[in-house]
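Letter by letter, the chains look like this.
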Amino acid sequence: MTGSRPTALVRRPGPRLAEGLVTHIERSSVDPAAALRQWQGYVAALELHGWEIREVPSADDCPDAVFVEDTVVVHRNVALITRPGAASRRPETEAVEETVAALGCAVARVREPGTLDGGDVLKVGDTVYVGRSGRTNSEGIRQLRAVFGPLGATVVPVPLDRVLHLKSAVTALPDGTVVGHRATVGDSGLYPRFLPVPEESGAHVVLLGGNAVLLAASAPRTAELYADLGYTPVPVDIGEFEKLEGCVTCLSVRLRELPGV
Ligand SMILES: NC(=O)NCCC[C@H](N)C(=O)O
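Below or above, wherever it landed, is the structure these notes cover. Please read all numbers here as calculations on a predicted model, not as lab measurements.

Parameters at a glance
Residues numbered from 1 in each chain as written. Predicted model: local features only at pLDDT ≥ 70, side-chain atom pairs only at ≥ 80, totals over all residues. Heavy atoms only, no water. Helix = DSSP H or I, 4+ residues; strand = E, 2+ residues; numbered from the N terminus. Rg over C-alpha atoms; globule rule 2.2 N^0.38 Å. Buried < 20%, exposed > 50% of the residue type's maximum accessible area, 1.4 Å probe, protein only. Contact = heavy atoms within 4.5 Å. 1 Å grid on protein atoms, 1.4 Å probe; cavity = no way out; pocket = protein on both sides within 12 Å on 5 of 7 lines; lining within 4 Å. Points joined across faces, edges and corners; volume = space filled by probe spheres on them. Nonpolar A, V, L, I, M, F, W, Y, C, P; charged D, E, K, R; others polar. Expected span 1.5 Å × (residues − 1). Core = buried A, V, L, I, M, F, W, Y, C linked by side-chain atoms within 4.5 Å. Near = heavy atom within 4 Å. Polar contact = N/O pair within 3.5 Å; in protein donor to acceptor, adjacent residues only side chain to side chain. Areas by Shrake-Rupley, 256 points an atom, 1.4 Å probe, with all protein chains shown as cover. Salt bridge = Lys/Arg side-chain N within 4 Å of Asp/Glu carboxyl O. Pairing = 2+ DSSP bridges. Right-handed = clockwise from strand over helix to strand, strands pointing away. Phe/Tyr/Trp six-rings, centres within 6.5 Å; stacked < 30°, edge-to-face > 60°.

**A word on the overall build of the chain**
Here's step 1: When helices and strands are tallied, the chain shows 6 helices and 15 strands.
Here's step 2: Taken over C-alpha atoms, the radius of gyration comes to 17 Å for the chain, in line with the 18 Å a tight globule of 261 residues would show.
Here's step 3: For the chain, the C-alpha atoms occupy an extent of roughly 40 × 40 × 40 Å along the three principal directions.
Here's step 4: Looking at the chain residue by residue over its 261 residues, the buried ones come to 55%.
Here's step 5: Summarising the internal contacts of the chain: among those between residues at least 6 apart in sequence, 67% fall at separations of at least 24.

Take a look at the structure:
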């Protein structure tokens, strides 16, 4: 069981990272050594802001395993192990399930024919937005609702076509304002408070606690906007992961509601 600090699950990039899936962008070559340094920088930023790091054992046969967010969705003390939409990513979930069970979560699983990627799930308070994407199907959404609805969550599906995951398009600031870039966001009217940001990767924030928001170094104008709004932007270079359609959110699973946390 954890102590009083929030816990972040992370997963070290494996030797096959460069073979990771690419769907909406051109493939470009990934430098594994630079990727490892960037991953270490990302983990260090979480640690610096008080997060306890729990490393899921690496999955060296799975190129995309570093994008650990896609494998599990946690609400309250329940961890829903996903069934990733890409078949090549399904072996990633086993070690994640063992890790969250060891942390004291109750475990549920998405079952066939459902598919769900954690990158499609954005929690804002008790509202759980879920992208109906190339990776998450309607049965996956139905199962998500069946698991989290009884825990008080309202599940709001969002049709997607321009991006890989919902959180490739939108995330939320500490006050719940949803942020997104006009080119990818679709219908911003779905969100009660919406703020457009000037860069696509600026729409991806990890809430570090207090006013600190981690975002990709590739979004300097959005970092200025957040600073101007009274937040403390924490830029981290994740360029090698962006080549594989990864965002800052997908490199960790933030557990704020574990028993004892
Ligand atoms: N949640 C995320 O944004 N995940 C990124 C996953 C990228 C990976 N290359 C994939 O296509 O599955």
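**Overview of empty space enclosed by the protein**
Here's step 1: Scanning the model with the defined rule gives 1 cavity of 30 Å³ or more in all.
Here's step 2: A volume near 140 Å³ is recorded for the largest cavity.
Here's step 3: Asp 70, Leu 164, His 165, Glu 245 and Gly 246 are the residues nearest the centre of the largest cavity, which is lined by 18 residues in total.
Here's step 4: Residue composition of the lining of the largest cavity, by class: 6 nonpolar, 5 polar and 7 charged.

**Some thoughts on helix α1 (residues 32-48)**
Here's step 1: The end-to-end C-alpha distance of α1, which contains 17 residues, comes to 24 Å, matching closely the 24 Å that a straight helix rising 1.5 Å per residue would cover.
Here's step 2: When we look at burial in α1, the residues that qualify are Ala 34, Ala 35, Gln 38, Trp 39, Tyr 42, Val 43, Ala 45 and Leu 46.

**Quick word on the nonpolar core**
Here's step 1: Membership of the largest hydrophobic core comes to 26 residues, with the highest contact counts inside it found for Tyr 42, Leu 46, Leu 208, Leu 214, Ile 238, Phe 241 and Leu 251.
Here's step 2: Listing elements by their share of this core, those giving two or more residues are β1 (7-10), α1, β12 (206-209), β13 (212-216) and β14 (232-236).
Here's step 3: Ranked by residue count, the leading element in this core is α1, at 6 residues.

**Description of the environment of Leu 48**
Here's step 1: With respect to the helices, strands and loops of the structure, Leu 48 is situated in helix α1.
Here's step 2: In the structure, Leu 48 is positioned 43 residues away from Arg 5 in sequence and 12 Å away in space, judged by C-alpha atoms.

**Examining the site of the ligand**
Here's step 1: Contacts to the ligand come from 15 residues, most closely from Leu 21, Asp 64, Arg 89, Arg 135 and Leu 244.
Here's step 2: Glu 69 has a polar side-chain atom sitting 3.0 Å from a nitrogen atom of the ligand.
Here's step 3: Arg 135 places a polar side-chain atom, nitrogen or oxygen, 2.8 Å from an oxygen atom of the ligand.
Here's step 4: Compared with its free state, where it exposes 340 Å², the ligand has 100% of that area covered by protein.

**Comments concerning the pattern of salt bridges**
Here's step 1: This structure, assessed with the given rule, holds 15 salt bridges.
Here's step 2: Arg 142 is the salt-bridge partner of Glu 139, the closest N and O atoms lying 2.8 Å from each other. On the criterion of helical spacing, the pair formed by Glu 139 and Arg 142 is a turn pair, its members being 3 residues apart in helix α3 (residues 138-148).
Here's step 3: Several salt bridges share partner residues, and in doing so they unite Glu 69, Lys 167 and Arg 254 into one network.

**Here's the deal with the pairing of strand β5 (residues 106-109)**
Two faces belong to every sheet, and in a regular strand the side chains alternate between them.
Here's step 1: Here 4 bridges tie strand β4 (residues 78-81) to β5, and the two strands are oriented parallel to one another. In the sheet register, Ile 81 faces β5, and the bridge partner there is Arg 109.
Here's step 2: Read from β4 through helix α2 (residues 93-102) to β5, the crossover connection turns out right-handed.

**So, the packing of aromatic side chains**
Here's step 1: Within this structure, the stated rule accounts for 3 aromatic pairs.
Here's step 2: Taking 6.2 Å as the distance between ring centres and 90° as the angle between the ring planes, the aromatic pair formed by Phe 67 and Phe 241 counts as edge-to-face. In this pair, Phe 67 is assigned in the loop between β2 (52-55) and β3 (72-75) and Phe 241 in helix α6 (residues 239-242), connecting sequence segments 174 residues apart.
Here's step 3: Plain terms: the ring middles of Tyr 191 and Phe 194 are 6.5 Å apart, the flat faces sit at 25° to each other, and that makes the pair stacked.
Here's step 4: A residue is classified by how much of its surface remains accessible, and Tyr 191, at 4% relative accessible area, is buried.

**Remarks on the layout of surface pockets**
Here's step 1: The calculated volume of the largest pocket comes to roughly 710 Å³.
Here's step 2: Forming the boundary of the largest pocket are 34 residues, of which Lys 123, Val 124, Leu 207, Arg 254 and Arg 256 lie nearest the centre.
Here's step 3: Looking at the lining of the largest pocket, the elements that each hand over two or more residues are β3, β6 (121-124), β9 (170-172), β12 and β15 (253-255).
Here's step 4: Class assignment for the residues of the lining of the largest pocket results in 17 nonpolar, 8 polar and 9 charged.
Here's step 5: There is about 270 Å³ of room inside the second largest pocket.
Here's step 6: Contributing to the lining of the second largest pocket are 13 residues, with Ile 25, Glu 200, His 204, Glu 242 and Glu 245 lying nearest its centre.
Here's step 7: Split into classes, the residues belonging to the lining of the second largest pocket amount to 4 nonpolar, 5 polar and 4 charged.

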